[in-house]
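Residue-level structure breakdown
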Amino acid sequence: MKIILIGASAAGKTTLIQALRNEELKYDKTQAVEYIGNFIDTPGEYVQQRGYWGSLTIASHDADVIGLVQDSSDDNCWFSGGTASKFSKPVVGIITKIDKEDSKPEQAKGYLELAGCTTFYYVSSFTGEGIDHLVKDLHAMVDNYNKQNSYRLADDYFD
Ligand SMILES: Nc1nc2c(ncn2[C@@H]2O[C@H](COP(=O)(O)OP(=O)(O)O)[C@@H](O)[C@H]2O)c(=O)[nH]1
Ligand SMILES: [Mg+2]
């Protein structure tokens with residue numbers, strides 16, 4: 001099972017993947033679509049430059065869950081209204097950097113609601129707040145996914 005993270009540049013996607021994987025946090029500019037374990041990391045420019053949306057759509061075909069990532073300290077939002085409906089998969093909203101003094105989580109949630117998200121996670125990769133909760137839900141999604149797809153492994157699948 002894979003989750004793809006999509007969001008503007010510096011929204012905190014790459015750092016979040018490091019936090020979720022319990023790795024040391026270090027800045028690493030995402031230059032292309034990158035597959036990291038259960039995660040697909042994407043460059044923010046792919047959201048901010050419309051011509052690249054096709055690459056996100058193609059990469060999303062490899063994912064089972066779409067994470068739309070919004071920086072809670074960013075007054076701008078790069079998602080169009082109803083973005084979630086582009087994807088035929090569950091879409092969750094991830095609100096990042098809630099540790100920041102200028103964090104406005106409710107504004108970020110509002111942006112993600114307009115984008116079509118109905119499930120929200122509030123996280124700080126720096127303090128770790130919300131990370132365990134998101135990890136727990138991701139594990140539950142993996143279990144659910146494995147259950148739903150177990151028929152693929154059944155003996156009679158190829159009959
Ligand atoms: N305060 C704070 N800064 C963060 C957090 N997550 C990421 N950042 C910083 O935001 C910047 C962009 O992060 P990055 O993960 O590269 O964003 P990406 O472009 O979405 O992959 C970096 O300087 C990070 O150190 C967070 O939870 N809290
Ligand atoms: Mg990145």
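Up top is the structure.
Reference entry: report on the structure contained in this document. (Residues numbered from 1 in each chain as written. Chains lettered and ligands numbered in written order. Predicted model: local features only at pLDDT ≥ 70, side-chain atom pairs only at ≥ 80, totals over all residues. Heavy atoms only, no water.)

Looking at the site of ligand 1
The environment of ligand 1 is formed by 15 residues, the closest being Ala10, Lys13, Thr14, Thr15 and Asp99. Contacts to ligand 1 include aspartate 99, whose side-chain N or O atom sits 2.7 Å from a nitrogen atom. In the complex, 82% of the free accessible area of ligand 1, which totals 580 Å², lies under the protein chains. For the shell around ligand 1, a count of residues per class yields five nonpolar, six polar and four charged. (Near = heavy atom within 4 Å. Polar contact = N/O pair within 3.5 Å; in protein donor to acceptor, adjacent residues only side chain to side chain. Areas by Shrake-Rupley, 256 points an atom, 1.4 Å probe, with all protein chains shown as cover. Nonpolar A, V, L, I, M, F, W, Y, C, P; charged D, E, K, R; others polar.)

A short note on the pattern of salt bridges
Under the definition given, this model contains five salt bridges. Across the pair lysine 104 and aspartate 75 runs a salt bridge, and its minimum N-O distance is 2.7 Å. Remark: aspartate 75 occurs in the loop between strand E4 (65–71) and strand E5 (91–96) and lysine 104 occurs in the loop between E5 and helix H4 (105–114); sequence separation between them is 29 residues. The partly exposed category is assigned to lysine 104, whose relative accessible area is 36%. (Salt bridge = Lys/Arg side-chain N within 4 Å of Asp/Glu carboxyl O. Helix = DSSP H or I, 4+ residues; strand = E, 2+ residues; numbered from the N terminus. Buried < 20%, exposed > 50% of the residue type's maximum accessible area, 1.4 Å probe, protein only.)

What to know about the nonpolar core
Nonpolar side chains in soluble globular proteins tend to end up buried together. Core analysis: the biggest nonpolar cluster contains 22 residues, and Ile4, Ile6, Ile66, Leu68, Phe79, Val91 and Leu112 have the highest contact counts within it. Of all the secondary structure elements, the ones that give two or more residues to this core are strand E1 (3–7), helix H2 (45–48), helix H3 (53–60), E4, E5 and H4. Not counting chain neighbours up to four residues away, the residues in contact with leucine 112 comprise Leu68, Gln70, Phe79, Gly93, Ile94, Ile95, Cys117 and Phe120. Counting residues in each nonpolar core, the second largest holds 19 residues, with Val69, Val123, Ile131 and Leu134 among its members. (Core = buried A, V, L, I, M, F, W, Y, C linked by side-chain atoms within 4.5 Å. Contact = heavy atoms within 4.5 Å.)

Remarks on the coordination of the magnesium ion (ligand 2)
Coordination of the magnesium ion (ligand 2) by the protein is provided by Thr14 (OG1) and Thr30 (OG1), with metal-donor distances spanning 2.0 to 2.1 Å. Of the two residues, threonine 14 is situated in helix H1 (residues 13–20) and threonine 30 in the loop between H1 and strand E2 (34–36); the sequence distance between them amounts to 16 residues. The burial state of threonine 14 is the same as that of threonine 30; both residues are buried. (Donors = N, O, S within 2.8 Å, 3.2 Å for Na, K, Ca; no water.)

Remarks on the pairing of E1
With five of five residues buried, E1 is to be regarded as a mostly interior element. The alternating pattern of E1 places Ile3, Leu5 and Gly7 and Ile4 and Ile6 on opposite faces, both of which are buried. Bridging between E1 and E4 involves five bridges; their strand directions are parallel. Within the sheet, the bridge partner assigned to isoleucine 6 lies in E4 and is leucine 68. (Pairing = 2+ DSSP bridges.)

A few points about the environment of tyrosine 27
Of note, tyrosine 27 is situated in the loop between H1 and E2. With twelve residues separating them along the chain, tyrosine 27 and threonine 15 place their C-alpha atoms 7.1 Å apart.

Remarks on H1
With seven of eight residues buried, H1 lies mostly within the body of the structure. Buried residues along H1 sit in contact with E1, E2, strand E3 (39–41), E4, E5 and helix H5 (131–148). Asparagine 22 sits one or two residues past H1 and shows a positive phi near 60°.

A look at the packing of aromatic side chains
Under the definition given, this model contains two aromatic pairs. Between tyrosine 46 and tyrosine 52, the ring centres sit 4.7 Å apart and the planes meet at 5°, which makes this aromatic pair stacked. Taking relative accessible area as the criterion, tyrosine 46 reaches 14% and is therefore assigned buried. Its relative accessible area of 37% is what places tyrosine 52 among the partly exposed residues. When the ring of tryptophan 53 is compared with that of phenylalanine 87, the centres are 6.3 Å apart and the planes differ by 45°; the resulting orientation is tilted. You can see tryptophan 53 sitting in helix H3 and its partner phenylalanine 87 sitting in the loop between E4 and E5, a full 34 residues away along the chain. Of the two residues examined, tryptophan 53 and phenylalanine 87, each falls in the buried class. Note that lysine 86 overlies the ring of tryptophan 53, its terminal NZ or CZ placed 5.1 Å from the centroid. (Phe/Tyr/Trp six-rings, centres within 6.5 Å; stacked < 30°, edge-to-face > 60°. Lys NZ or Arg CZ within 6 Å of the ring centre and 35° of its normal.)

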